[in-house]
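# A closer look at the structure
Here are the chains, one letter per residue:
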Amino acid sequence: MSSDKSNIDLYTTQTPNGIKISITLEELGLPYNVHKIDISKNTQKEPFFLEINPNGRIPAMTDTFTDGKPIRLFESGSIMQYLVARYDTDYKISFPPGSREFYEMTNWLFFMNAGVGPMQGQANHFTRYAPEHIEYGVNRYQNETRRLYGVLDKHMSDSKQDYLVGNKCTIADIAHWGWVAAAFWAGIDIEKFPALKAWEERMLARPAVEKGRHVPDPHRMKELSKDKEAMERHAAQSRQWVQEGMKKDAEQQK
Ligand SMILES: N[C@@H](CCC(=O)N[C@@H](CS)C(=O)NCC(=O)O)C(=O)O
């Protein structure tokens, strides 16, 4: 039996990595079931979830593959590549495999997933979640994130196009959006990157970004960025479970 129809279950949390997938699904107009994974309660480390993503991190996804059997997907970049390869047959948010633009889109997708995501994630960690202020860690990761933002800003400003590749919103743009929209959380001032800021706002005006960013919970980064007390409360709550999760992970490796 073969299946061309989607049967998508998305396991996610409302984070920059999680909303990459809900926004992609909304852009493609695909139906999907959402399973909220509470990372503050370590649900991502439960056996049922590790069957889908052995790395114990969101986002993860299952679908019925073309052979009619279930397929699991993990790593946000891999999930996005799967979704466009299988369902974006009109190249609404991608380019034909083998084309020049396809490889340029892949360049920026990997730039996000191996560069901006990990560096900004560590900047978040040292700026918001570390139990003590470690100047070296804060500087190292904020500076590296700023450097990467500078690369993006220059690219947007030099190309004079609306999106990262070929003047079309693709998975490369979608992958970056949630991170750039949360720059302040890592201590990065987006005003210093005007072309990138304009791109971030252009992306937000897209109906699929507006819909997908609120999965599975409301995206509150814009509001949070204007409220210092709420920021501190949010950081304190997150710090607690991030530290507990790290302790559990370390104990398991002993
Ligand atoms: N490289 C992974 C990163 C995934 C990731 O770090 N997810 C975070 C949330 S944004 C997570 O699940 N954290 C829970 C944990 O660290 O246990 C991807 O792109 O999918």
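Going by an unreviewed UniProt entry, the protein carries the name Glutathione S-transferase 2 and comes from Cryomyces antarcticus. Regarding the protein, the UniProt comment filed under Sequence similarities (unreviewed entry) reads as follows: "Belongs to the GST superfamily."

### Quick look at the overall build of the protein
A count of helices and strands for the protein gives 10 helices and four strands. Along the protein, helices (α) and strands (β) appear in the sequence β-α-β-α-β-β-α-α-α-α-α-α-α-α when read from the amino end. A compact globule built from 254 residues should have a C-alpha radius of gyration of about 18 Å, and the protein, at 18 Å, falls within 12% of that. Principal-axis analysis of the C-alpha atoms places the extent of the protein at approximately 55 × 50 × 30 Å. Per-residue burial for the protein yields a buried fraction of 37% across its 254 residues. Across the protein, contacts joining residues at least 24 apart in sequence account for 68% of those joining residues at least 6 apart.

### Thoughts on the packing of helix α1 (residues 18–28) against helix α6 (residues 171–181)
Packing of α1 against α6 leaves a shortest axis separation of 8 Å and a crossing angle of 140°. In this view, α1 runs oblique relative to α6, as classed from their interaxial angle. Here α1 and α6 pass one another in a crossing that is right-handed. Touching Ile19, Lys20, Ile23, Thr24 and Glu27 of α1 are Ile171, Ile174, Ala175, Trp177 and Gly178, all from α6. A breakdown of the residues in the contact of α1 with α6 according to their chemical character gives six nonpolar, two polar and two charged.

### Brief notes about the site of the ligand
Near the ligand lie 13 residues; those nearest to it are Thr15, Asn17, Arg57, Ile58 and Ser76. Looking at side-chain class alone, the shell around the ligand contains three nonpolar, eight polar and two charged residues.

### Considering the UniProt feature "domain: GST N-terminal" (unreviewed entry) in the protein
In the numbering used here, UniProt assigns the feature "domain: GST N-terminal" (unreviewed entry) to residues 5–91. Structurally, residues 5–91 is divided into 33% helix and 23% strand, and its ends, taken at the C-alpha atoms, are 18 Å apart.

### Remarks on the packing of helix α4 (residues 100–129) against α6
One can describe the packing of α4 onto α6 by two numbers: an axis separation of 8 Å at closest approach and a directional angle of 15°. Classed by the angle they form, the pair α4 and α6 counts as roughly parallel. The element α4 and its partner α6 pack so that their crossing is left-handed. From α4, Met105, Trp108, Leu109, Met112, Asn113, Val116, Gly117 and Gln120 reach across to α6, where they touch Ile171, Ala172, Ala175, His176 and Trp179.

### Some details on the pairing of strand β2 (residues 32–36)
Every other side chain in a regular strand lies on the same face of the sheet, so the side chains alternate between the two faces. Two elements, strand β1 (residues 8–12) and β2, share five bridges in a ladder whose sense is parallel. Looking across to β2, one finds that isoleucine 8 is bridged to tyrosine 32. Between the parallel pair β1 and β2, the chain is carried across by α1, and the sense of this crossover is right-handed.

### Concerning the environment of histidine 219
Checked against the element boundaries, histidine 219 lands in the loop between α8 (207–212) and α9 (221–224). Judged by the 21 C-beta atoms lying within 10 Å of it, histidine 219 falls in the buried class. In the structure, histidine 219 is positioned 204 residues away from threonine 15 in sequence and 8.3 Å away in space, judged by C-alpha atoms. With sequence-adjacent residues up to four places away left out, histidine 219 is seen in contact with Gln14, Ile19, Arg213 and His214.

### Comments concerning the pairing of β1
Of all five residues in β1, four are buried; the element is thus mostly enclosed. Bridge count for β1 against strand β3 (residues 60–64) is three bridges, and the pairing is antiparallel. Paired with tyrosine 11 across the bridge in β3 is alanine 60.

### Remarks on the sheet that holds strand β4 (residues 70–74)
Across the sheet, which stays open at both edges, the four strands sit in the order β2-β1-β3-β4 with mixed pairing between neighbours. Among the strands making up the open sheet, the edge pair consists of β2 and β4. Each adjacent strand pair in this sheet contributes to an overall mean axis angle of 20°, direction not counted. Sheet topology places β3 next to β4; five bridges connect them, and they run antiparallel.

Cut-offs and rules
- Along every chain, residues carry numbers that run from 1 in the direction the sequence is written.
- Where totals are concerned, whole chains, interfaces and linings use all residues; where local detail is concerned, this predicted model gives features only for residues with pLDDT of at least 70, and gives and counts side-chain atom pairs only at 80 or more.
- UniProt positions are given in the numbering used here, feature names are shortened, and annotations may be inferred rather than shown by experiment.
- The numbering of helices and of strands both runs from the N terminus, where a helix is a DSSP run of H or I of at least 4 residues and a strand a run of E of at least 2.
- Here the globule rule reads 2.2 Å times residues to the power 0.38, and the radius of gyration is calculated from C-alpha atoms.
- Between the buried cut of 20 or more and the exposed cut of 12 or fewer other C-beta atoms within 10 Å of a residue's own C-beta lies the partly exposed class, and all C-beta atoms are placed from the backbone.
- It is the C-beta atoms, placed from the backbone, that decide contacts: two residues are in contact if theirs lie within 7 Å.
- Lines fitted to the C-alpha atoms define the axes, with helices restricted to the stretch that makes contact. Angles between their N-to-C directions range from 0 to 180 degrees.
- Here roughly perpendicular refers to angles of 65 to 115 degrees, roughly parallel to angles under 35, roughly antiparallel to angles over 145, and oblique to all remaining angles.
- Left-handed describes a crossing in which the near helix is turned anticlockwise from the far one by less than a right angle; the clockwise case is right-handed.
- Only Asp, Glu, Lys and Arg are considered charged in this grouping, and only Ala, Val, Leu, Ile, Met, Phe, Trp, Tyr, Cys and Pro are considered nonpolar; every other residue, Gly among them, is considered polar.
- In this entry, near means the residue's backbone-placed C-beta atom lies within 6 Å of the molecule or strand.
- Only strands that DSSP links by at least two bridges are regarded as paired with each other.
- Crossovers are marked right-handed if the path from the first strand over the helix to the second runs clockwise, as seen with the strands pointing away from the viewer.

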